[in-house]
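These are the residues of each chain, in order.
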Amino acid sequence: MKKLRKAVSVLICICMVFGSMPPVAEAYNFDENYTEEKKTIVTDNGTKLVLQKKVDYHTEEIAYKVLRIEDGKKNVYIPETVDGMYPITEIDLLEGFDHKTQNKVKHLHLSKNIQDINEESVDYDYYDEKTNIYFWLPNLSSITIDSENPWLRAQDGKVYRKKDNALLAVAPKVPGVIVIEKDVPEIIGNATISLEKATAFSVEKGNPAYQSKKGVLYSKDGKTLIRYPIAGKAKKFQVPKGVKYIGPQAFQYAKYLNNVHFSSSVREVGERAFAASSLKEIALNKKMRKLETDVFLGAKGLKSLKLPSGLREAEISYIPVKKLVIPARLGSVTIDPGVDLDNYHLEADTLVIKNPALDIKRIGDSYRQKYWADFLEDKTVYAYKGSLPYRQLKKYKKKYKAEFKLKALKGKVYKTPKFTGKVDTSWYSEDKTTFYISTPAQLAGMSQLSRKKDVFFNEKTIILTKNLDMKKYKNFYPIEFFMGTFDGNGKTIKNLRIYRLQENVGLFDRLEGSIKNLSVQGNVTGGNYTGGIAGYVFYNDNKRLINCSFKGKVFGYGYCGKLAGTDITGS
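From a predicted model like this one, the values you see are computed outputs, not experimental measurements.

Undergrad: For this particular structure, what's the right way to read the overall build of the protein?
TA: The helix and strand inventory of the protein stands at 6 helices and 40 strands. Sorting the 571 residues of the protein into buried and exposed places 52% on the buried side. For the protein, restricting intrachain contacts to residue pairs at least 6 apart in sequence, the fraction spanning at least 24 positions comes to 60%. Just so you have it, the protein exposes about 26900 Å², and 48% of that area is on carbon and sulfur atoms.

So this is what it looks like as structure tokens:
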């Protein structure tokens, strides 16, 4: 190794004398150890580049990456080396500078030594907003790369990885139609995001991963709408049948689009899908299940929005409407303060909560619960008296002296029936690993042990030896967070009755262990994640419910199912 380093040093000295560098196709593809050392250089045309030093911790070879263009000219050329000897091998532009200093940059040229534009930067998350690498160069419309570069190539303002032709990035001001060639197998990260002058996307016939319809970019199977062109001229858009997922930022910054209508196939809308768009009207379908974070952030033209009855999950920050109604079956509502805590609030003047089991406390610890008090400042909130959100918000209002109005919705006052029935925990011993239960009281003992003693039966096996009739048990408490094995042994538990306006409701509220050979009959009502046998099943694993069945009624204010509240077959 010492001889090799000495040879490399001699070679570098020779290169300095003759003013050239050795071939770089493989020489600098090392494991980087980024140092704190930064260096500012000035290129031949006066552009300032801020660089970061990186060292190969195996060979101690030195290279640099470009962190930012600090004083951009119309044309920016990234030089091959620093001080004539250390290669510049990477450009990521993570450290932006004042946009005003970057507005001049219209053309960027990468040298033959640039082997990486930092693919992580292509998926760069800036203040919760995904951006591509050229976020800090808003007027960039042209990119070129030295023809001798063995890693990257450029064409029509786009950067490709040579080894597989993946599309890495597109300059933000490339105008007109963005063509995805037939031999592009992958669009890395958010290469097509924030293209302000794109009027359409076109995918060449034969592309294995993507397709386009009427200028809109989709996955090959048509299930994901990836990107709507920002400068597309249409004012109305109908999401085609077959699309299940509207991708993150799919319609963000759309300049002219006013009206969007969802087909019945759409189930989920990604984060910031319509952020800062010109959207005025949107029709969501009844079968939609999820709205991710900040879907309508900054879409100031949107004056009304009806959340569909099928919605089960939604993040409700920054929805620009006067009145926001949370439907009865919307079981998971979250609020995301993002980074702008000082300006964190509900945009609607009135919030109506029709879900009596909506668990506001679930968003986190007491510090995060205070977000709700700040979030609702100067707003009016309606909820059913006696419902879980009404009780929680009443408590927060008193605890934090929150300045919002809490009013009761007209309608049912929700009360939870009291638990009745005997409880037997005498059969349990911490030292044993296998237990046999044969009475309703022993089953109720499992519940009490889990709730009051934090016994979760990890690495324990419980075997049911007789059929159980739970008719004397009114409003049975779910067995909490079960981590063991419950073998029903082919037996049946009948007349199970549970009515709990809370999350995770079933004979077992949360299941991380397994349940097998069990039949249950009864009626179960709960909040989000309600199932006849298990409320929430960790890891969505169908091996956790084996040879089980439920007969009766299951209703959940959120996700629910006969066997489990999560999507699990239990076969």
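We are not done yet, so read on.
Undergrad: Would you explain the pattern of salt bridges in this entry?
TA: For the coordinates displayed, the defined rule picks out 13 salt bridges. Across the pair Glu313 and Lys290 runs a salt bridge whose closest N-O atoms are separated by 4.0 Å. Of this pair, Glu313 sits in strand E25 (residues 313-315) while Lys290 sits in strand E24 (residues 290-291), placing them 23 residues apart in sequence.

Undergrad: Hey, could you run me through the sheet that holds strand E7 (residues 107-110) in this one?
TA: Spatial ordering of the open sheet is given by E4-E7-E10, a layout of 3 strands whose pairing is parallel. A single partner strand is all that each edge strand has here, and the edge strands are strand E4 (75-77) and strand E10 (142-145). Neighbour to neighbour, the strand axes of the sheet diverge by 15° on average, direction disregarded. Bridge count between E7 and E10: 4 bridges; the pairing is parallel. In the sheet register, Leu110 faces E10, and the bridge partner there is Ile145.

Undergrad: What am I meant to see in a positive patch on the surface here?
TA: Together, Lys74, Lys106, Lys197, Lys233 and Lys255 line one region of the surface with positive charge. By the secondary structure assignment, Lys197 is in the loop between strand E14 (176-180) and strand E15 (198-203).

Undergrad: Honestly, the packing of aromatic side chains in this entry has me stumped. Any pointers?
TA: What characterises a pair of aromatic rings is the spacing of the ring centres plus the angle enclosed by the ring planes. Taken as a whole and judged by the stated rule, the model has 27 aromatic pairs. Measuring from centroid to centroid gives 4.7 Å for Phe251 and Phe274, while their planes differ by 10°, and the two rings are stacked. Linking Phe251 in the loop between strand E20 (245-246) and strand E21 (259-261) with Phe274 in the loop between strand E22 (268-269) and strand E23 (281-283), this pair joins segments that are 23 residues apart in sequence. Overall, the relative accessible area of 0% leaves Phe251 in the buried class. A ring pair is formed by Tyr473 and Phe476, whose centres lie 6.5 Å apart and whose planes are at 70°; its orientation type is edge-to-face. Phe476 sits in the buried class, given a relative accessible area of 1%. Ring pairing ties together the aromatic residues Trp427, Tyr428, Phe435, Phe457, Phe482, Phe486 and Phe508, which thus form one cluster. Against the face of Tyr218 rests Lys213, its NZ or CZ located 5.9 Å from the ring centre.

Undergrad: I keep staring at the pairing of strand E34 (residues 485-499) and nothing clicks. Help me out?
TA: Moving residue by residue along a regular strand, the side chains alternate between the two faces of the sheet. Here strand E32 (residues 461-464) pairs with E34 via 3 bridges, running parallel. Bridging across to E34, Ile463 finds its partner in Asp487. Two strands pair when backbone bridges link them, and strand E33 (residues 468-469) and E34 are joined in this way by 2 bridges, in the parallel orientation. Residue pairing for E34: Leu468 is matched across the bridge by Ile493. Here E34 runs beside strand E36 (residues 514-526); their pairing, made up of 10 bridges, is parallel. Bridge pairing links Thr492 to Ser519 in E36.

Undergrad: What am I meant to see in helix H6 (residues 440-452) here?
TA: Note on helix geometry: an α-helix contains 3.6 residues per turn, so any two residues three or four positions apart are oriented the same way. Spanning 13 residues, H6 covers 18 Å between terminal C-alpha atoms, matching the ideal 18 Å at 1.5 Å per step. Of all the positions in H6, only Ala441, Gln442, Leu443, Ala444, Gly445, Met446, Ser447, Leu449 and Ser450 are classed as buried. Residues of H6 that are buried make contact with strand E31 (434-437), E32, E33, E34 and strand E35 (508-511).

Undergrad: Hey, could you run me through unusual backbone geometry in this one?
TA: Unlike most non-glycine residues, Ser194 shows phi in positive territory, near 60°. Within the element layout of this structure, Ser194 appears in the loop between E14 and E15. Here the phi dihedral of Gln249 falls at roughly 60°; this positive angle occurs in a residue that is not glycine. Examined against the element boundaries, Gln249 turns out to sit in the loop between E20 and E21. Residue Gln249 is classed as buried on the basis of its relative accessible area of 1%.

Undergrad: Explain helix H5 (residues 388-399) to me, please; I cannot follow it from the model alone.
TA: Spanning 12 residues, H5 covers 16 Å between terminal C-alpha atoms, matching the ideal 16 Å at 1.5 Å per step. Of the residues making up H5, those classed as buried are Leu388, Pro389, Tyr390, Gln392, Leu393 and Tyr396. Following H5 by one or two positions, Lys401 adopts a phi angle in the positive range, close to 50°.

Undergrad: Sorry if this is basic, but what is going on with the nonpolar core here?
TA: Soluble globular proteins tend to pack their nonpolar side chains together in the buried interior. If you look at the biggest cluster of nonpolar residues, it comprises 57 residues, and the most contacted ones within it are Phe237, Ile246, Phe262, Phe274, Ile282, Phe296 and Ile316. Taken together, the elements giving at least two residues each to this core come down to strand E17 (216-219), strand E26 (323-326), strand E28 (350-353), helix H4 (366-375), strand E29 (380-384) and H5. Ranked by residues supplied to this core, first place goes to H4 with 4 residues. Among residues more than four places away in sequence, those in contact with Phe274 are Phe251, Val260, Phe262, Val269, Leu279, Ile282, Val295, Phe296 and Ala299. Core analysis: the next-biggest nonpolar cluster, separate from the first, contains 49 residues, Leu49, Ala166, Ala191 and Leu217 among them.

Undergrad: Please explain the environment of Tyr390 as it appears in this structure.
TA: With respect to the element layout, Tyr390 can be found in helix H5. Judged by its relative accessible area of 13%, Tyr390 falls in the buried class. Sequence spacing of Tyr390 and Pro356 is 34 residues, and the spatial spacing of their C-alpha atoms is 8.1 Å. When residues no more than four places from it in sequence are discounted, the contact partners of Tyr390 are Ala383, Tyr384, Lys385, Leu406, Lys407 and Ala408.

Undergrad: What is the right way to look at the sheet that holds strand E13 (residues 167-170) in this model?
TA: In a beta sheet, neighbouring strands pair by backbone hydrogen bonds and run either parallel or antiparallel. Ordered by their spatial adjacency, 3 strands build an open sheet running E11-E12-E13, and the pairing between neighbours is antiparallel. With partners counted over all chains shown, the strands left at the sheet margins are strand E11 (152-155) and E13, one partner each. Across the sheet, the mean angle from the axis of one strand to that of its neighbour is 25°, orientation sign disregarded. Of the pairings in the sheet, the one linking strand E12 (residues 158-161) to E13 comprises 3 bridges and is antiparallel in character. Its bridge partner being in E13, Val159 is matched across the sheet by Ala169.

Undergrad: Honestly, the side chain of Ser111 in this entry has me stumped. Any pointers?
TA: Note that Ser111 resides in the loop between E7 and helix H3 (119-122). Relative accessible area serves as the criterion here: at 4%, Ser111 is assigned to the buried category. With residues near it in sequence (within four places) discarded, Ser111 still touches Ile78, Pro79, Glu80, Ile88, Ile145, Asp146 and Asn149.

Conventions adopted
- Residues numbered from 1 in each chain as written.
- Predicted model: local features only at pLDDT ≥ 70, side-chain atom pairs only at ≥ 80, totals over all residues.
- Heavy atoms only, no water.
- Helix = DSSP H or I, 4+ residues; strand = E, 2+ residues; numbered from the N terminus.
- Buried < 20%, exposed > 50% of the residue type's maximum accessible area, 1.4 Å probe, protein only.
- Contact = heavy atoms within 4.5 Å.
- Areas by Shrake-Rupley, 256 points an atom, 1.4 Å probe, with all protein chains shown as cover.
- Salt bridge = Lys/Arg side-chain N within 4 Å of Asp/Glu carboxyl O.
- Pairing = 2+ DSSP bridges.
- Axes fitted to C-alpha atoms, helices over the stretch in contact; angles between N-to-C directions.
- Patch = residues over 30% accessible without salt bridge, like charges linked within 9 Å, V, L, I, M, F, W, Y side chains within 5 Å.
- Lys, Arg positive; Asp, Glu negative; His and termini not counted.
- Charge placed at Lys NZ, Arg CZ, Asp CG, Glu CD.
- Phe/Tyr/Trp six-rings, centres within 6.5 Å; stacked < 30°, edge-to-face > 60°.
- Lys NZ or Arg CZ within 6 Å of the ring centre and 35° of its normal.
- Expected span 1.5 Å × (residues − 1).
- Core = buried A, V, L, I, M, F, W, Y, C linked by side-chain atoms within 4.5 Å.

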